[in-house]
Amino acid sequence: MSQGMYTLVKHFWISCAHSVPGAGKCERIHGHNYKVTFCIQGNKLDSSHMLIDFREVKHAIEKQFDHHYLNDFPEFSPEMGGAAPSTEKVAEVFFGRIQQLCNQKENHPIMKWIEVEETNEAFARYEMV
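No experiment lies behind these values; they were computed from the predicted model shown. (Residues numbered from 1 in each chain as written. Predicted model: local features only at pLDDT ≥ 70, side-chain atom pairs only at ≥ 80, totals over all residues. Heavy atoms only, no water.)

*Asks:* Outline the overall build of the protein chain, listing residues and values.
*Replies:* Looking only at helices and strands, the protein chain features two helices and five strands. Of the regular secondary structure in the protein chain, the N- to C-terminal order runs β-β-α-β-α-β-β. Considering only C-alpha atoms, the protein chain reaches an extent of 55 × 30 × 25 Å along its principal axes. Counting all 129 residues of the protein chain, 39% fall into the buried class. For the protein chain, contacts bridging at least 24 residues in sequence account for 58% of all contacts bridging at least 6. On the protein chain, roughly 7,700 Å² of surface is accessible, and the fraction owed to carbon and sulfur atoms is 51%. Side chains of the protein chain give 13 positive and 17 negative charges; the mean places of these two sets differ by 4 Å. (Helix = DSSP H or I, 4+ residues; strand = E, 2+ residues; numbered from the N terminus. Buried < 20%, exposed > 50% of the residue type's maximum accessible area, 1.4 Å probe, protein only. Contact = heavy atoms within 4.5 Å. Areas by Shrake-Rupley, 256 points an atom, 1.4 Å probe, with all protein chains shown as cover. Lys, Arg positive; Asp, Glu negative; His and termini not counted. Charge placed at Lys NZ, Arg CZ, Asp CG, Glu CD.)

Next up, the structure:
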């Protein structure tokens, strides 16, 4: 008998400012209302009968980054060993934070992908291959 797979897809919004050196007018400090959409999969629910509580996921990102200047964080500061907060890099860092949360769960769900939408016309997706 084969086992089923659960897939959870959720989005939320956060507001952040950033500047991206070498990116034309985006070198200046500006902000975005980022739409963050993530996908988590697993074949086992936790003791609350959830793959993961998506409120925890939102809180993990929102608590640290919402209404902050991303360049102030080591992950987004070349001077501190990080990389400039391009949309791609923001997606990669957020993916890592959510994956850390998944790793702590009793049922070990898997972070599949994340999309960070910077504008209505542009987003970046980060996923493990």
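*Asks:* With reference to specific residues and values, describe the UniProt feature "binding site: Zn(2+)" (unreviewed entry) in the protein chain.
*Replies:* Residues given the UniProt feature "binding site: Zn(2+)" (unreviewed entry) here are His 18, His 30 and His 32. Tracing the backbone through its elements, the reader meets His 30 in strand β2 (residues 30-42). Apart from residues lying up to four places away in sequence, His 30 is in contact with Cys 16, Ala 17 and His 18. Inspection of the secondary structure assignment puts His 32 in strand β2. Apart from the residues within four sequence positions on either side, His 32 is in contact with Ile 14, Ser 15, Cys 16, His 18, Glu 118 and Thr 119. (UniProt positions renumbered as here; feature names shortened; annotations may be inferred.)

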